Amino acid sequence: MSDFEGIIKAVHCMPQGMLLVGGDQEILFVNDAASKILNTGPSSPLLFRQLVETVGFDPFQLLNESGNTPFTREASIASTPYKATVFPVPGINGHNGVCLLLRNIAQEKRIDTMKSEFISVVSHEMRTPLTSIKNAIEIIMTRKTGTITDDQQKFLQIAERNISRVVNIISGYLDLAKIELGKVEFHFQEISLQTFMEGIARDFLARAQEKGITFSCTLPEGLPSVTADPQRLEQIVVNLLDNALKFTPDKGSITISSQPGEAPPGSGDRRFVKVSVEDTGRGIPASDRERIFDKFYQVEDSPARKMGTGLGLSIVRELIEAHGGKIQVESEPGKGSRFSFYLRIAAGEKRDLQFRYFFDREFVRASKNQSSFSLILIAIKNFKELRDSFGDQKGMLLLEALQKVLHDSLFRQADTLIHYKRGEIFVVICEVEKHGAEVVKQRIKKQIGEFSGDSLSEVLKKSIIGVGIATYPEEAPNQRELFRKAIKDAEEDIHGKEKDPDRGR
């Protein structure tokens, strides 16, 4: 066997999938692991179009956008997460080609989740005894249990201060872990941003004055209301103000401002309000700006290193993204920093708030991880007529039966089922690509067709139920287009059933 044949054999035996694509988009080489991942073989050769549909991106397009620099992103293939690495290969068939490596990261993701859950549980168990110790020390320091010497008082103060710091770290990490694991409940409502921000500003003013800092809240007249969780929004703003206070010296200034009709970075959607917290503090070096939102990261030689946990900005980013917004930082060392975040305007928001939260959260996750997700929309076209004909009780039983069918059709814990428009529409959010969504859609239609129930048989016979799907980013570049595509697909399914009542039953 020649050296070249040995190299080819070794590449075929690699545990990672490897594909080589020519500049003319011809698939030149697929190793054994990639064939298994993509479910291809000699009898079913892979086309470039199929590769793009499966991995969820065009490697040539993204290489061009990155200036021909190698990049990595996540791809979900047959419900399994992979780390996809793409790099250019010059001179294939006279054109620059690409090499694509696929590595299964399902185990890594499971370990990350287990690690977060483990640390969350341990942190929770630690917080209770630490709080008890802190309370006991505080009682001793009040001398209610007897006299103490000045030296004892000094060491008790050291202990109390450090226990408080540990409790703050644990509380911060618990908050962050719950957000990352999707265990934080959000209660969205329409909020008057002007009234809300002015209330926080009044509470913060005294703290700023104590430090000799000028504080102002300049909001334009007629600022539109936003959709947000008031408790979490307060946590976001207070955290940013606390951060500004740490870094702003005496006689400095902190300003809250706002501007409606602003689009978040990378988005053309202007149905947002931009809120900024600006200070005249130390500023942030350019080398640190990309990392300040990372867990436990703190700028070197920063006064906050002695008094903070490095979790505040991580929590802020997660909470803002859970609201469907984004945060950005602008800074100049020695002159100060401006943190700006974006909240969606409430006016014109027609989506159910619970649906909006889950939809926005999944969209932000997919955008950040550069991965796919699908909407599966189940609509009962004649729900109002059925309810009028058979009564509210039968209408509710139909919705409960359909909900059970949908639950039985979903296998993955991460799949989310949401009522929309008071039950006339169900939406399933799945972390799957187009092919996986098609499989789930057919499974749902089969379950609906096979469903039987004596009390509902007549209602089911007269119900017109359509199932539609849409996948990001293959079929739609943004949330609005994704939802429209799913609605249109469901309407086409309904239209087909109206023409052929036996179809899908």
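Residues numbered from 1 in each chain as written. Predicted model: local features only at pLDDT ≥ 70, side-chain atom pairs only at ≥ 80, totals over all residues. Heavy atoms only, no water.

Asker: Sorry if this is basic, but what is going on with a nonpolar patch on the surface here?
Answerer: A grouping of Phe118, Val122 and Met126 is seen on the molecular surface, where their side chains present a nonpolar patch of about 280 Å² in accessible area. Assignment of secondary structure puts Val122 in helix α5 (residues 106–141). We classify Val122 as partly exposed; its relative accessible area is 30%. (Patch = residues over 30% accessible without salt bridge, like charges linked within 9 Å, V, L, I, M, F, W, Y side chains within 5 Å. Areas by Shrake-Rupley, 256 points an atom, 1.4 Å probe, with all protein chains shown as cover. Salt bridge = Lys/Arg side-chain N within 4 Å of Asp/Glu carboxyl O. Helix = DSSP H or I, 4+ residues; strand = E, 2+ residues; numbered from the N terminus. Buried < 20%, exposed > 50% of the residue type's maximum accessible area, 1.4 Å probe, protein only.)

Asker: Just checking my understanding: could you explain the packing of helix α7 (residues 193–210) against helix α8 (residues 230–247) for this structure?
Answerer: A pair of packed helices is captured by two measures, namely the crossing angle of their axes and the spacing between those axes. The interhelical angle for the contact between α7 and α8, taken along N-to-C directions, is 35°, at an axis separation of 11 Å. By crossing handedness, the relation of α7 to α8 is classed as right-handed. Of the residues in α8, those in contact with Leu193, Phe196, Met197, Ile200, Phe204, Arg207 and Ala208 of α7 are Pro230, Leu233, Glu234, Val237, Val238, Leu241, Asp242 and Leu245. Tallied by class, the residues present in the contact of α7 with α8 amount to 12 nonpolar, no polar and 3 charged. (Axes fitted to C-alpha atoms, helices over the stretch in contact; angles between N-to-C directions. Left-handed = near helix turned anticlockwise from the far one by under 90°. Contact = heavy atoms within 4.5 Å. Nonpolar A, V, L, I, M, F, W, Y, C, P; charged D, E, K, R; others polar.)

Asker: Help me understand the packing of aromatic side chains in this model?
Answerer: A ring pair, where both rings are aromatic, is described by two values, the distance of the centres and the angle of the planes. Within this structure, the stated rule accounts for 4 aromatic pairs. Measuring from ring centre to ring centre gives 5.9 Å for Phe373 and Tyr472, while their planes differ by 45°; the resulting arrangement is tilted. Residue Phe373 is located in strand β13 (residues 373–380), and its partner Tyr472 is located in strand β16 (residues 465–472); the two are separated by 99 residues in the primary sequence. Residue classification places Tyr472 among the buried positions, given a relative accessible area of 11%. Across from the ring centre of Phe155, 5.3 Å away, lies the NZ or CZ of Lys154, which sits over that ring. (Phe/Tyr/Trp six-rings, centres within 6.5 Å; stacked < 30°, edge-to-face > 60°. Lys NZ or Arg CZ within 6 Å of the ring centre and 35° of its normal.)

Asker: I'm lost on helix α15 (residues 434–450) in this one. Help?
Answerer: Owing to its 3.6 residues per turn, the α-helix aligns residues three or four sequence positions apart on the same side. In a regular helix each residue adds 1.5 Å, so 17 residues correspond to 24 Å; α15 covers 24 Å between its end C-alpha atoms and thus fits that length. When α15 is considered as a whole, its buried residues turn out to be Gly436, Ala437, Val440, Lys441, Ile444, Lys445 and Ile448. (Expected span 1.5 Å × (residues − 1).)

Asker: Can you help me understand unusual backbone geometry in this one?
Answerer: The phi torsion of most residues other than glycine is negative, and most of the peptide bonds are trans. Pro473 follows Tyr472 through a cis peptide bond whose omega is 0°. Residue placement: Pro473 occurs in the loop between β16 and α17 (479–499). Here the phi dihedral of Gln25 falls at roughly 70°; this positive angle occurs in a residue that is not glycine. Secondary-structure assignment places Gln25 in the loop between β1 (17–21) and β2 (27–30).

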